Amino acid sequence: MQKYLILFFIFTFIQFNVYSQNETGIIYPDSYRFNPGDNIEWAKPGFDDGDWKEYKLGEFPQDQWQGYGWARISVKIDSSLIGIPIGMKLQFIGAVEIFVDGILVKKYGKVGSNLNDEKGIFVFENPEVVAFTFKPTLPDVKGISTHTIAIRTSSFIVYDGILKGLPPSFNF
């Protein structure tokens, strides 16, 4: 039970601050999709994740967590933000790769499928800030375009109970 309580925090990274489009130009949904396992095709924006289980933001996928997996979320942005740096604050134990529209924008450690393959790191007390930009895509008639953020993560050091702490946490 303690293992799952600790791992609950791994998906606080899906707790994006929700703002209306008029305030920031970014619209976040209230859920994300998660799938255990690993396939680099899952980073692509056109990948169909419709059969992945959906979770509310902040909800941990306890029923599927195996120490590693992918989370995907689609955000809608106003065309005025294309090319403007957006920041994401990171706090985690383990390894994380962040893809925006299929492009790797930041990598911490080495994501693995078991503890021996993973090269995890600890970034918690001094959070990292990752900056990235959204590339132009075809907007709708209101000038809004949809973009995919895919997060590949592993945290076996916490999953296997070796280190007690908080796995990945991300906020924009």
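All values reported here derive from a predicted model rather than from experimental measurement. (Residues numbered from 1 in each chain as written. Predicted model: local features only at pLDDT ≥ 70, side-chain atom pairs only at ≥ 80, totals over all residues. Heavy atoms only, no water.)

A.B. asks: With reference to specific residues and values, describe the overall build of the protein chain.
C.D. replies: In terms of regular secondary structure, the protein chain is built from three helices and nine strands. Listing every helix and strand of the protein chain by position from the N terminus yields α-α-β-β-β-β-β-β-β-β-α-β. When burial is assessed residue by residue, the protein chain has 47% of its 172 residues classed as buried. The long-range fraction of contacts in the protein chain, counting pairs at least 24 apart against all pairs at least 6 apart in sequence, stands at 78%. Approximately 8500 Å² of the protein chain is accessible, and the part contributed by carbon and sulfur atoms is 52%. (Helix = DSSP H or I, 4+ residues; strand = E, 2+ residues; numbered from the N terminus. Buried < 20%, exposed > 50% of the residue type's maximum accessible area, 1.4 Å probe, protein only. Contact = heavy atoms within 4.5 Å. Areas by Shrake-Rupley, 256 points an atom, 1.4 Å probe, with all protein chains shown as cover.)

A.B. asks: Tell me about the confidence of the model for the protein chain, and name the residues and values.
C.D. replies: For the protein chain, per-residue confidence averages 75 on the pLDDT scale, and 73% of positions sit at 70 or higher. Ranking the elements of the protein chain by mean pLDDT puts helix H1 (residues 2–8) last, at 37, and strand S6 (residues 103–108) first, at 92. This stretch, residues 1–22, has a pLDDT under 50; its non-local contacts, to residues over four places away or in other chains, come to 68 contacts. For residues 163–172, every residue scores under 50 in pLDDT, and the model assigns this stretch 59 contacts once sequence neighbours within four places are set aside. (pLDDT = per-residue confidence, 0-100.)

A.B. asks: How would you explain the side chain of Asp101 if you had to name every residue and give the values?
C.D. replies: Relative to the elements of secondary structure, Asp101 occurs in the loop between strand S5 (86–100) and S6. The buried charged residue Asp101 lacks any salt bridge, with Arg72 as its nearest oppositely charged partner at 8.4 Å. Within the structure, the side chain of Asp101 is placed 2.6 Å from the side chain of His147, a separation counted as a polar contact. For Asp101, the contacting residues outside a window of four places in its chain are Ala43, Pro45, Phe134, His147 and Thr148. (Lys, Arg positive; Asp, Glu negative; His and termini not counted. Salt bridge = Lys/Arg side-chain N within 4 Å of Asp/Glu carboxyl O. Polar contact = N/O pair within 3.5 Å; in protein donor to acceptor, adjacent residues only side chain to side chain.)

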